[in-house]
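Structural characterization, general
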Amino acid sequence: MALDFPFDGIWPDERCHQSCGAGSHSRLAIQKPIPQSGGCPYEGPPPDESLPVTSPLCGYVQHIDMERLAEFASARHCRIWLSVLPGSYCYPGRPLFSHSADELSEEDTQHLSFAFTIGKVRNYDQDPRFGVIVLSEIASRALSPSVNDPGTAIEVLGRIVSVLLEYDPEQQKEPKYPDLFVPPIKPIELLEDAFLPIARDGAGLIEVQIRLQKSLQALRIAAPDIYGKAALIISAKALDHAKIALAHPEEKALLDSLAQDISD
């Protein structure tokens, strides 16, 4: 049977099925923000007096064994500051963590380095950002000129909102590992991963831009303490993409109105 539209080998309902699978993995990852929930959150570089331990390998951090790090810190009466999270790309010389122990033997260093599983690809286990990125990539592929399936992109935007609303950086207020300090996942990073590729690739499609602005508004209303400021920033960036690509003044005015609703 001849097809009268460009076909990339994946039917639209298959793309929706892919987004369902990615959404399930993303939701599981984001509901258990490990290792973030186990340690004490901190921002900025580790203390100047701390000593770094660097990665021996190139690759993505797939898993961090917080229990191993915590047991060592307790036994040595020291503190450990993580420099990477699951999803971070490492290479020889990049610090994995810093510590306040007086001295680490080669055996100690190896023992602690084994707490970090480093592989060639990212996975969903402890990496909420990766799940969001995969969803966004499904939408971007659907928006490519060879596919031209904005309906799938709109479907993915709904799933992204559902997944992001599962994220609660404060779900464990008392740290399980008081000697471990962990950089937080920032809401702006999650929203950049989720929405900016879709804003770029769907810039000229008013139906996609409307759903994107409404998705950001939903996040701001449902979780203002988490996404309020970030949603405003991403809304403005998406609006900039759309104003360059859209030709009709009425469509630009409609998006202006939706963006204004988010800022009110």
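Here the structure is shown first, and the text comes after it.
The paragraphs below set out a description of the structure included in this document. (Residues numbered from 1 in each chain as written. Predicted model: local features only at pLDDT ≥ 70, side-chain atom pairs only at ≥ 80, totals over all residues. Heavy atoms only, no water.)

What follows covers the overall build of the protein chain. On a plain count of helices and strands, the protein chain comes out with nine helices and eight strands. Within the protein chain, the fraction of its 264 residues that count as buried is 44%. In the protein chain, of all internal contacts separated by at least 6 residues, the share reaching a separation of at least 24 is 78%. Surface exposure of the protein chain reaches about 13300 Å², of which carbon and sulfur atoms provide 53%. (Helix = DSSP H or I, 4+ residues; strand = E, 2+ residues; numbered from the N terminus. Buried < 20%, exposed > 50% of the residue type's maximum accessible area, 1.4 Å probe, protein only. Contact = heavy atoms within 4.5 Å. Areas by Shrake-Rupley, 256 points an atom, 1.4 Å probe, with all protein chains shown as cover.)

With that out of the way, let us pick up the packing of aromatic side chains. Summed over the entire model, instances satisfying the criterion amount to four aromatic pairs. Seen in terms of ring centroids, Phe 97 and Phe 116 are 5.8 Å apart; in terms of plane orientation they differ by 5°. Their pairing is stacked. Residue Phe 97 is found in strand S6 (residues 95-99), and its partner Phe 116 is found in strand S7 (residues 116-119); the two are separated by 19 residues along the sequence. Considering the side-chain rings of Tyr 124 and Phe 130, the 5.1 Å spacing of their centres and the 45° angle between planes classify their relative orientation as tilted. For Tyr 124, a relative accessible area of 22% corresponds to the partly exposed category. (Phe/Tyr/Trp six-rings, centres within 6.5 Å; stacked < 30°, edge-to-face > 60°.)

With that settled, consider helix H3 (residues 106-113). For H3, the complete set of buried residues consists of Asp 108, Leu 112 and Ser 113. The buried residues of H3 all sit within an arc of 130° when viewed along its axis, so they share a single face. In this structure, H3 carries Glu 106 and Glu 107 as exposed residues pointing more than 90 degrees from its buried face. (Arc of directions from axis to C-beta.)

The next point concerns the sheet that holds S7. Judged by pairing direction, the sheet is antiparallel, and its three strands sit side by side in the order S5-S3-S7 without closing on themselves. Two strands bound the open sheet, and with one partner strand each, they are strand S5 (89-90) and S7. Relative to S7, strand S3 (residues 59-64) runs antiparallel, the two being bridged by four bridges. Bridged to Val 61 within S7 is Ile 118. (Pairing = 2+ DSSP bridges.)

Here we take up unusual backbone geometry. Located in the positive-phi region is His 77, a residue other than glycine, with phi close to 55°. In this structure His 77 comes out as exposed when scored by relative accessible area, which is 76%. Unlike most non-glycine residues, Asn 148 shows phi in positive territory, near 55°. Of note, Asn 148 is situated in the loop between helix H4 (128-142) and helix H5 (150-164). For Asn 148, a relative accessible area of 53% translates into the label exposed.

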